[in-house]
Amino acid sequence: MNKFKVLIFLISAMLLFQYCSKKNDISEEIETLPTTVTGAIALENAPILPTSTYSYLINFPAHIQANLSANDNTPNNNPITNDGATLGRVLFYDKQLSKNNTVSCGSCHQQQFAFDDNIALSKGLDGSLTTRNSMAILNLRFYKSGKMFWDERAATLEKQAFQPIQNHVEMNLTLAELERKVSALSYYPALFQKAFGTTAIDSIRIAMALSQFERSIVTYQAKYDRVKQGIETFTTAEATGEELFMNALLPNNTCASCHTPPMFLTSNPIRPFSLNDTNDLGINNQRRFKSGTLRNITNRNSLFHNGSVINLQTMLNSGGQGSAIPNIPAHSIGPQNVPNMLAFLNTLTDNTILTDPKFSNPFMK
Ligand code: HEC
Ligand code: HEC
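Attention here is on the structure that accompanies the text. (Residues numbered from 1 in each chain as written. Chains lettered and ligands numbered in written order. Predicted model: local features only at pLDDT ≥ 70, side-chain atom pairs only at ≥ 80, totals over all residues. Heavy atoms only, no water.)

**Looking at empty space enclosed by the protein**
Over the atoms a probe the size of a water molecule is rolled, and this reveals where empty space is left. Tallying each qualifying case throughout the model produces one cavity of 30 Å³ or more. In this model, the largest cavity occupies a volume close to 70 Å³. Along the walls of the largest cavity sit Ile58, Ser216, Val218, Tyr220, Gln221, Asp350, Thr352, Ile353, Asp356, Lys358 and Phe359, which together make up its complete lining. Its residues assigned to classes, the lining of the largest cavity shows five nonpolar, three polar and three charged. (1 Å grid on protein atoms, 1.4 Å probe; cavity = no way out; pocket = protein on both sides within 12 Å on 5 of 7 lines; lining within 4 Å. Points joined across faces, edges and corners; volume = space filled by probe spheres on them. Nonpolar A, V, L, I, M, F, W, Y, C, P; charged D, E, K, R; others polar.)

**Things to note about the pattern of salt bridges**
Under the definition given, this model contains twelve salt bridges. We note a salt bridge from Asp72 to Arg141, for which the minimum N-O separation is 2.8 Å. One end of the pair, Asp72, is in the loop between helix H3 (62-71) and helix H4 (82-93); the other, Arg141, is in the loop between helix H5 (105-108) and helix H6 (157-160), with 69 residues separating them in the sequence. Residue classification places Asp72 among the partly exposed residues on the basis of a relative accessible area of 29%. Note on Arg141: relative accessible area 13%, which makes it buried. (Salt bridge = Lys/Arg side-chain N within 4 Å of Asp/Glu carboxyl O. Helix = DSSP H or I, 4+ residues; strand = E, 2+ residues; numbered from the N terminus. Buried < 20%, exposed > 50% of the residue type's maximum accessible area, 1.4 Å probe, protein only.)

**Concerning the packing of aromatic side chains**
Enumeration according to the criterion identifies 19 aromatic pairs in this entry. Considering the side-chain rings of Tyr188 and Phe192, the 6.1 Å spacing of their centres and the 70° angle between planes classify their relative orientation as edge-to-face. Here the residue Tyr188 and the residue Phe192 both occupy positions in helix H9 (residues 188-196), the gap between them amounting to four residues, near one helical turn. Here the two residues Tyr188 and Phe192 agree in accessibility, since each one is buried. Measuring from centroid to centroid gives 5.4 Å for Phe245 and Phe264, while their planes differ by 70°, and the two rings are edge-to-face. A residue pair is termed long-range when its members are at least 10 positions apart, and Phe245 in helix H12 (residues 236-248) and Phe264 in the loop between helix H13 (255-258) and helix H14 (312-316) qualify at 19 residues. The residues Phe245 and Phe264 share a single accessibility class, namely buried. Members of the aromatic cluster, joined through ring pairs, are Tyr56, Phe92, Tyr93, Phe115, Phe213 and Phe359. When the ring centre of Phe149 is taken as reference, the NZ or CZ atom of Arg153 above it lies at 3.7 Å. Above the plane of the ring of Tyr56 lies Lys358, whose end atom (NZ or CZ) is 5.9 Å from the centre. (Phe/Tyr/Trp six-rings, centres within 6.5 Å; stacked < 30°, edge-to-face > 60°. Lys NZ or Arg CZ within 6 Å of the ring centre and 35° of its normal.)

**Quick notes on the site of ligand 1**
Residues in contact with ligand 1 amount to 27 residues; listed here are only the nearest, Cys105, Cys108, His109, Phe149 and Lys290. The backbone of Phe149 places a nitrogen or oxygen atom 2.7 Å from an oxygen atom of ligand 1. When residues of the shell around ligand 1 are traced back to their parent elements, those giving at least two are H5, H6 and helix H7 (162-166). (Near = heavy atom within 4 Å. Polar contact = N/O pair within 3.5 Å; in protein donor to acceptor, adjacent residues only side chain to side chain.)

**Some remarks on the nonpolar core**
A general tendency of soluble globular proteins is for nonpolar side chains to be buried together. Core analysis: the largest hydrophobic core is formed by 48 residues, its most contacted members being Leu91, Val182 and Tyr188. Contributing elements (two or more residues each) for this core: H4, H7, helix H8 (175-184), H9 and helix H10 (203-215). The element contributing the most residues to this core is H4, with six residues. Lining this core are residues from two domains, each supplying at least three of them: domain 1 (74-218) and domain 2 (219-360). Beyond its immediate stretch of four places on either side in the chain, Val182 contacts Leu91, Leu97, Tyr188, Phe192, Ile201 and Ile206. Core analysis: the next-biggest nonpolar cluster, separate from the first, contains 25 residues, Cys255, Met315, Leu342 and Phe344 among them. (Core = buried A, V, L, I, M, F, W, Y, C linked by side-chain atoms within 4.5 Å. Domains from an automatic or database assignment. Contact = heavy atoms within 4.5 Å.)

**Details of the coordination of the iron atom of ligand 1**
Among all protein atoms, only His109 (NE2) binds the iron atom of ligand 1, sitting 2.1 Å from it. Take His109: it is sitting in the loop between H5 and H6. (Donors = N, O, S within 2.8 Å, 3.2 Å for Na, K, Ca; no water.)

So, to be careful, I would describe these as geometric facts and stop short of saying anything about function.
This is the structure we're talking about:
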């Protein structure tokens, strides 16, 4: 009898220990924010965040830091803070920011595709399509002029945020509706308190937090970066590709003069450029478009402002023998150069960005 009791005691103790240690594992890792709204829906939709915030403040390697110092478009009144970027992350992935709760910023800017998507035109909240290709939310703070969209119609990243929210195809809320919806969600006051020192929620603070999160998405851990830091070396093909990109391909009109290292981005390109498109004339109807960063371009398909160029290979081979599309000036480079250029462009891919939890969706569905 006694032996039996001891056995039962031991088994219960073991089970209890297992249960507790499991629980501890989870509660150490995550903290579910308070949900005062009753009902399963609010609980289900609350974001799951780490107990101590992720660090969004990075010490970049010297070659990146120098470029950032010269080009950073972060306004003085909205520097990145860990709490601001955390709030921005929640807002970025919150489908409540759309009229019918089906679309978030992250629907068209997906982490796995370097915060772009993989289709020519994106689907908005009722299934209808955007008029242009989605853009990668990557290294945005290195675009000196700060202008956003293919046609640069938003003067700053902060101002940009209001557009998808109000766009009828994308999220379709008025700013008053946005403020009402966000204010009604139980997890936001605490997040706004931490980020801005007030629980007051308005569209300006929403845009500021979104911008902090977006500016924190920076690639600096690609092979290219390790080579520039002297930790690794390029293969012969990669080095030949870099030479073509920087110098040899088109005298006085190189790839680098419009896609400038180390972010392969510049708001001051050597001359305007547009893919041939009679329906869309871009910036001030001048047949020119912004180009975003070429970093992580290998993670994306459907390129250029209308998404009509399927991938890098198609672009580099355009107009050549057997090409599916006509020549794209300054972008078609001749078959003998294609493997080297591809090898080089591959070194710009920073895979850490695709899975880094601090940029991931905090709503576990
Ligand atoms: C339905 C798809 C969709 C949704 C939802 C969406 N976007 Fe976009 N995003 C796009 C498209 C398409 C473009 C390019 C539009 C253009 O240039 O006219 C774009 C462009 C951008 C740009 C410009 C990047 C650059 O380099 O100029 C930023 C920043 C951006 N979106 C952020 C956001 C934020 C923040 C949200 C949520 C509040 C959001 N997007 C929601 C499709 C979407
Ligand atoms: C005169 C400036 C200019 C030069 C030179 C140039 N580009 Fe571009 N590039 C652009 C612009 C502008 C766009 C976007 C145009 C559009 O969408 O209509 C673009 C688009 C791209 C894209 C698609 C980006 C995306 O996000 O969809 C890639 C890839 C690219 N360029 C690579 C290259 C390479 C490689 C070279 C050299 C062989 C090169 N570019 C030369 C200006 C230039």
